[in-house]
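Residue-level listing of the chains:
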Amino acid sequence: MLRVLKTHGTTFTIVLFAVSAVSGVALFFHWGSAAFHGMHEWLSMVLLAPVVVHLWRNWPGLSGYLKRRQLLVPAVIGIAASLAFAVPALTAGASGGNPMRAALSAIENGTVAEVAPLFELTPQSLAQRLAAKGYQVAPDGDLASASLAEIASASGKPAGPGLIADVAFAGDATP
């Protein structure tokens, strides 16, 4: 394998970079995301092997760049650009992050009375749906006091995707 990488390392690097570039552009513009997402992730990981071999084989030239500090400006710009994307995502509170997670969290934290209209149900019909699936829903008839996550916990069931599926789908249907 090392012989193949030594012999074809540069060509592998070029071809895999081209695949990564094309799939990255397609993902950026949301063209065929289902086709390109896995390809981009996995082949970008595969790209690391020929890049490492390329760096190893060309280390004298790279060390010259390091000694002359020619990598300093590109490295600082690259790190700053990376941080411009990473810091807001890592420090985002309730106002940022994945909108799908926020929506699902809002459903879990909502009461039966609040969530039922989202699924075109009455609070009583959602309560019946949950009761049929083993949830202990408002024994006192108050459908506006406990969140769905609290109902799940009191029923010995976990919150999360299973709870959301039980809310969203009648009977034994699965998403």
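The structure contained in this document is the topic of the report that follows. The shown structure was predicted, so the numbers you read here are calculated from the model rather than taken from an experiment. (Residues numbered from 1 in each chain as written. Predicted model: local features only at pLDDT ≥ 70, side-chain atom pairs only at ≥ 80, totals over all residues. Heavy atoms only, no water.)

## Quick word on the side chain of Ser 63
Moving on, step 1. Its place among the elements puts Ser 63 in helix H3 (residues 59–67).
Moving on, step 2. The class for Ser 63 is buried, based on a relative accessible area of 16%.
Moving on, step 3. A polar atom in the side chain of Ser 63 sits 2.8 Å from the backbone oxygen of Pro 60. (Helix = DSSP H or I, 4+ residues; strand = E, 2+ residues; numbered from the N terminus. Buried < 20%, exposed > 50% of the residue type's maximum accessible area, 1.4 Å probe, protein only. Polar contact = N/O pair within 3.5 Å; in protein donor to acceptor, adjacent residues only side chain to side chain.)

## A look at the packing of aromatic side chains
Moving on, step 1. The tally for this structure, following the rule as stated, stands at two aromatic pairs.
Moving on, step 2. Taking the centre distance of 4.9 Å and the plane angle of 90° together, the rings of Phe 28 and Phe 29 count as edge-to-face.
Moving on, step 3. Accessibility expressed as a relative area gives 44% for Phe 29, which makes it partly exposed.
Moving on, step 4. Consider the rings of Phe 29 and Trp 31, whose centres lie 4.9 Å apart with planes at 20°: the pair is stacked.
Moving on, step 5. Three or more aromatic residues joined by ring pairs make a cluster, and in this case those are Phe 28, Phe 29 and Trp 31.
Moving on, step 6. Over the face of the ring belonging to Tyr 135 we find Lys 157, whose NZ or CZ atom lies 5.0 Å from the ring centre. (Phe/Tyr/Trp six-rings, centres within 6.5 Å; stacked < 30°, edge-to-face > 60°. Lys NZ or Arg CZ within 6 Å of the ring centre and 35° of its normal.)

## Some remarks on the environment of Ala 154
Moving on, step 1. Along the polypeptide, Ala 154 turns up in helix H8 (residues 148–154).
Moving on, step 2. The exposure class assigned to Ala 154 is exposed, which follows from its relative accessible area of 53%.
Moving on, step 3. Put simply, Ala 154 and Gln 136 are 18 residues apart on the chain and 7.1 Å apart in space, counted from C-alpha to C-alpha.

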